[in-house]
Amino acid sequence: MVVASSPDTAKEFCKTHDRMFSGRHLPSVYHNLPRTMDSSIVLSPECGRSWKLLRSIGQNCVFSSKAMETNAWIRKAKVMEMVSHISSKEGEVVNLEDLIFATLANIISSVLTSRDLFDVKNEAKDKYRVMMGLVNEVIEKTTTLGLVDFLPVLRWVDFWSKGKAMDMYRKIKLTWGSIIQERRSSKGSDHKSSSDGQDFLDIVLADSSFSEDQIGNALMELLIGATDSTTITTVWLMVELIRNQEMLSRVRDEIAQTVTGDKPSESLLSQCHYFQACIKETLRLHVPAPLLVPHRATETCKVNNYVIPKDSMILVNAWGIARDPDYWNDATVFKPDRFLDTKIGFRGTHFEYLPFGTGLRMCPGSTVAFKNIQMLVGSLLHYFDWSLPGGVALTAIDMNEKYVTTLKKEKPLLLIPKLRYKN
Ligand code: HEM
């Protein structure tokens, strides 16, 4: 295993020798999932034909500027559903993390399949928890190594991995199976896609090379990609702002001056530069995937005079790099101003800031994530004041983290909303 812990080494692995290190290192549980190898973007072992095909379908339906423009109304509608639900809970404790997750899940599922996964208005709390549990389980099981990964001879008796893989397979099938079958049987006749064009599901179904299991896997991966890290970042941004009242007022003033009596919208919020700096700073101080997603050397290669054998696992310590005092002043302090006069952004061209990775396997969803976070937090701050249950001071909010491949707030974010505008 090799860990890149400086911007220069990250550049060696992800730019200079990008293709050599563009494989994914996958634990045994993944290999036991039925037919996942050729239906994956995130966990595709190599940048092969099916990875390219799925990434390009994703590009057309989800990630490109054109797709994001087409899907803007979905983001707005789902966020407003969340706002209206929270309005009905004024004065009560709400689990904001659950609601953010459910809203993001509905956004991506509407973009991919023109269907919601949850009924946010009627709050099916248990359903959120079950789905979040599955998301966490898939992330953990497909990225954490077990005994058999160190002792491959055990794979013949590795019933644990096989059992775990089959359990996940059943749950993934349960989530997507009926949606896929329903679309297949309607053959598009009575289905209206979110964009009045073809959605992701239409396109993969039209390509006869994908089986139902493979489509279910691809949908699950995109659901996980689009919900987990974005929920984590949205939660930390809310936490950082509500415990820093000065910064919160500055963001609110900026939004109010831009929105001027109208509802927050993507185009208006994109003019709020301080707010955008707060999002970037959150992604620096709370890198959701601290070691990115493990890469793999596809060939033996020499880096900085060290020989890296084929199939070595490569980790990029994006968390450590983002807190390195050689590159960041007051590296452990939340200081959004540092992003106001800098060109550092999400494209992975500044190796001291890699929350989305860089190179061939870089996250294709960075702009989608940014727009979602902007719309969610912009609306949550514009429409509501927030307090902690039990009259606890906002500055005393719990900041403990929990690491399981991604780094999240340990305890759920429970807050009490108060409407800022009555009508
Ligand atoms: C704050 C939000 C997000 C963060 C921090 C994040 C971060 C990452 C990281 C670190 C990687 C791995 C990069 C590498 O291995 O070098 C990744 C991959 C990926 N992400 Fe994201 N992501 C976010 C949101 C999204 C969204 C919204 C989507 C989809 C709409 C998405 C889809 C993907 C996909 C498909 C990959 C796999 C790329 C590949 O292996 O070719 N992500 N993401």
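Residues numbered from 1 in each chain as written. Predicted model: local features only at pLDDT ≥ 70, side-chain atom pairs only at ≥ 80, totals over all residues. Heavy atoms only, no water.

Section: the site of the ligand
(1) Moving on: In the vicinity of the ligand lie 25 residues, with Arg-24, Trp-51, Arg-55, His-295 and Cys-363 positioned nearest.
(2) Moving on: The backbone of Gly-225 places a nitrogen or oxygen atom 3.3 Å from a nitrogen atom of the ligand.
(3) Moving on: Between an oxygen atom of the ligand and a main-chain N or O atom of Val-293, the distance comes to 3.5 Å.
(4) Moving on: Within the residue set of the shell around the ligand, elements represented by two or more residues are helix H3 (49-63) and helix H11 (212-243).
(5) Moving on: Counting residues per element, the shell around the ligand draws most heavily on H11, at five residues.
(6) Moving on: Looking at the shell around the ligand, its residues break down into 16 nonpolar, six polar and three charged. (Near = heavy atom within 4 Å. Polar contact = N/O pair within 3.5 Å; in protein donor to acceptor, adjacent residues only side chain to side chain. Helix = DSSP H or I, 4+ residues; strand = E, 2+ residues; numbered from the N terminus. Nonpolar A, V, L, I, M, F, W, Y, C, P; charged D, E, K, R; others polar.)

A closer look at helix H12 (residues 245-259)
(1) Moving on: Look at H12: 21 Å from first C-alpha to last across 15 residues, which is about the 21 Å you get at 1.5 Å a residue.
(2) Moving on: Turning to H12, its buried residues number three or more, namely Met-247, Leu-248, Val-251, Arg-252, Glu-254, Ile-255, Thr-258 and Val-259. Here the buried residues of H12 occupy an arc of 160° about the axis, which is enough to place them on one side. Away from its buried face by more than 90 degrees, H12 exposes Glu-246 and Gln-257. (Expected span 1.5 Å × (residues − 1). Buried < 20%, exposed > 50% of the residue type's maximum accessible area, 1.4 Å probe, protein only. Arc of directions from axis to C-beta.)

A few points about the packing of H12 against helix H14 (residues 273-285)
(1) Moving on: It is at 8 Å that the axes of H12 and H14 come closest, and there the two elements cross at 135°. Comparing their axes, H14 and H12 come out oblique. Together, Met-247, Arg-250, Val-251, Glu-254 and Ile-255 of H12 and His-273, Tyr-274, Phe-275 and Cys-278 of H14 make up the contact between the two elements.
(2) Moving on: Here the contact of H12 with H14 is composed, by residue class, of six nonpolar, one polar and two charged. (Axes fitted to C-alpha atoms, helices over the stretch in contact; angles between N-to-C directions. Parallel < 35°, antiparallel > 145°, perpendicular 65-115°, else oblique. Contact = heavy atoms within 4.5 Å.)

Considering the coordination of the iron atom of the ligand
(1) Moving on: Of the protein atoms, Cys-363 (SG) alone serves as a donor to the iron atom of the ligand, at 2.3 Å.
(2) Moving on: Relative to the assigned elements, Cys-363 resides in the loop between helix H15 (318-322) and helix H16 (366-383). (Donors = N, O, S within 2.8 Å, 3.2 Å for Na, K, Ca; no water.)

Side note on the pattern of salt bridges
(1) Moving on: Enumeration over the complete set of coordinates arrives at 21 salt bridges.
(2) Moving on: Taking the shortest distance from any N to any O, the salt bridge between Asp-213 and Lys-173 comes out at 3.3 Å. Within this pair, whereas Asp-213 is found in helix H11, its partner Lys-173 is found in helix H9 (residues 159-186), the two being separated by 40 residues in sequence.
(3) Moving on: We note a salt bridge from Asp-337 to Arg-250, for which the minimum N-O separation is 3.2 Å. One end of the pair, Asp-337, is in the loop between H15 and H16; the other, Arg-250, is in helix H12, with 87 residues separating them in the sequence.
(4) Moving on: Each of Glu-46, Arg-296 and Asp-311 takes part in a single network of salt bridges with overlapping partners. (Salt bridge = Lys/Arg side-chain N within 4 Å of Asp/Glu carboxyl O.)

Focus on the sheet that holds strand S3 (residues 94-95)
(1) Moving on: Spatially, the three strands line up as an open sheet ordered S3-S11-S8, and their pairing is antiparallel. Because the sheet does not close on itself, it has two edges, and the strands there are S3 and strand S8 (384-387). (Pairing = 2+ DSSP bridges.)

A word on the UniProt feature "binding site: heme" (unreviewed entry) in the protein
(1) Moving on: UniProt tags Cys-363 as "binding site: heme" (unreviewed entry).
(2) Moving on: On the basis of relative accessibility, which here comes to 32%, the residue Cys-363 falls in the partly exposed class. (UniProt positions renumbered as here; feature names shortened; annotations may be inferred.)

Some points on the packing of aromatic side chains
(1) Moving on: Scanning the entire structure with this criterion turns up nine aromatic pairs.
(2) Moving on: Note on Phe-101 and Phe-118: the rings are 6.3 Å apart at their centroids and 55° apart in plane angle, and the pair reads as tilted. Pair noted here: Phe-101 is in helix H6 (residues 96-113) and Phe-118 is in the loop between H6 and helix H7 (125-143), with a separation of 17 residues, a long-range link. The two residues Phe-101 and Phe-118 agree in class, both being buried.
(3) Moving on: Consider the rings of Trp-328 and Phe-339, whose centres lie 5.8 Å apart with planes at 45°: the pair is tilted. (Phe/Tyr/Trp six-rings, centres within 6.5 Å; stacked < 30°, edge-to-face > 60°.)

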